[in-house]
Amino acid sequence: QFYVFYPLFFIFAFKIRKTFSLFYSLTILWIGSFLLAVWCSFQISSNPSGINNLSVASFYLLPTRSFELLTGAIAFYTLKKFDSRNLSGMLTSTIKLAGFIIILSSGLILPVGTNYPNFWTLIPLAGTFMFLVVKSENLITSWISHPIILRIGLASYSIYLIHQPLFAFYRLSKFETPTSFNYFVLIFASVVLGILSHKYLETPFRNQNLISYRKVLAVLTLMAMLILISGSQFVIKAGYFRGSKFF
């Protein structure tokens, strides 16, 4: 959803940038999305019964999740406008290290069972923002610049896309919560398949000498039709809210 509307937002923002800066536009959208997410979380917490739809919508839909992605956009804009090299090396290293520690510790700090996204979401976002906006050559930078880490980073979106069906099909076939070993196998398989997908599917599709724009458009149109047809059949025969229990 975000990657469909974000380019349209940029087209609109560039048309009005003489009267309203891009940074302010991003900030206003961030504030609106965050306040909506907090309001939904409060409504769910105060009335946990009878509003499962709101909980699902808050987690999956763009209005309440876009502030997380907009944090990255604002960080990129800040990085372009603000030169952290004017700061001392000690300060930039401290900021980057603090952001890295906050990101890693978020899994331990964030309470289990809360309605996500909410106020707690600011913790990993703050750590990510701190890590991105400063340029610092230190041990952490050297570590994340390792070729293996870079390869996983390049394939991270493919890994993200592949892990969901793997976990879903496992639950459908086993009807049980995966064990620690099962989680390890599924995560390992997701990483391997994601790297292969990035190398043999994504990378060739970016090469216009191998695959033309018309072929890409034809494949995407076919995939969209298949998803639309199969999804419609699922809704018609099972019903979304009755069929969703299997996922």
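Please read these numbers as outputs of a predicted model, since none were measured by experiment.

**Q** Sorry, what's going on with the packing of aromatic side chains here?
**A** To describe a pair of aromatic rings, one takes the distance between the centres and the angle between the planes. By the definition in use, this model includes 12 aromatic pairs. Aromatic rings pair up to connect W30, F34, F67 and F119 into one cluster. Taking the ring centre of F59 as reference, the NZ or CZ of R65 above it sits at 4.8 Å. It is K96 that lies over the ring of F131; its NZ or CZ is 4.2 Å from the centre.

**Q** Looking at this model, I keep getting lost on helix 1 (residues 2-15). Mind explaining?
**A** An ideal rise of 1.5 Å per residue puts 20 Å on 14 residues; helix 1 measures up with 20 Å between its terminal C-alpha atoms. Buried within helix 1 we find F2, Y6, F9 and A13. For helix 1, the arc enclosing every buried residue in end-on projection is 60°, short of the 170-degree limit, so these residues lie on one face. Opposite the packed face of helix 1, turned more than 90 degrees from it, sit the exposed residues V4, I11, F12 and K15. The inward-facing, buried residues of helix 1 contact helix 2 (22-46) and helix 4 (62-81).

**Q** In this structure, what is going on with the packing of helix 2 against helix 4? I would like to understand it.
**A** Helices that pack against each other are described as a pair by the angle of their axes relative to one another and the distance between those axes. Relative orientation of the contacting elements helix 2 and helix 4 amounts to 150°, with a least axis distance of 8 Å. Regarding helix 2 and helix 4, the two cross each other, and that crossing is left-handed. Across the interface between the two elements, L22, F23, L26, T27, L29, W30, S33, F34, L36, A37 and C40 of helix 2 pack against L62, P63, T64, R65, S66, F67, L70, T71, A73, I74, Y77 and T78 of helix 4.

**Q** What exactly am I supposed to notice about the nonpolar core here?
**A** Among the nonpolar cores identified, the biggest contains 16 residues, and Y6, F9, L26, W30, F67 and L70 are the most heavily contacted of them. Among the elements that take part in this core, helix 2 stands out by supplying 6 residues, more than any other. When sequence neighbours within four positions are dropped, the list of residues in contact with W30 reads F67, L70, T71, I74 and L122.

Rules used throughout
- Residues numbered from 1 in each chain as written.
- Predicted model: local features only at pLDDT ≥ 70, side-chain atom pairs only at ≥ 80, totals over all residues.
- Heavy atoms only, no water.
- Phe/Tyr/Trp six-rings, centres within 6.5 Å; stacked < 30°, edge-to-face > 60°.
- Lys NZ or Arg CZ within 6 Å of the ring centre and 35° of its normal.
- Helix = DSSP H or I, 4+ residues; strand = E, 2+ residues; numbered from the N terminus.
- Expected span 1.5 Å × (residues − 1).
- Buried < 20%, exposed > 50% of the residue type's maximum accessible area, 1.4 Å probe, protein only.
- Arc of directions from axis to C-beta.
- Contact = heavy atoms within 4.5 Å.
- Axes fitted to C-alpha atoms, helices over the stretch in contact; angles between N-to-C directions.
- Left-handed = near helix turned anticlockwise from the far one by under 90°.
- Core = buried A, V, L, I, M, F, W, Y, C linked by side-chain atoms within 4.5 Å.

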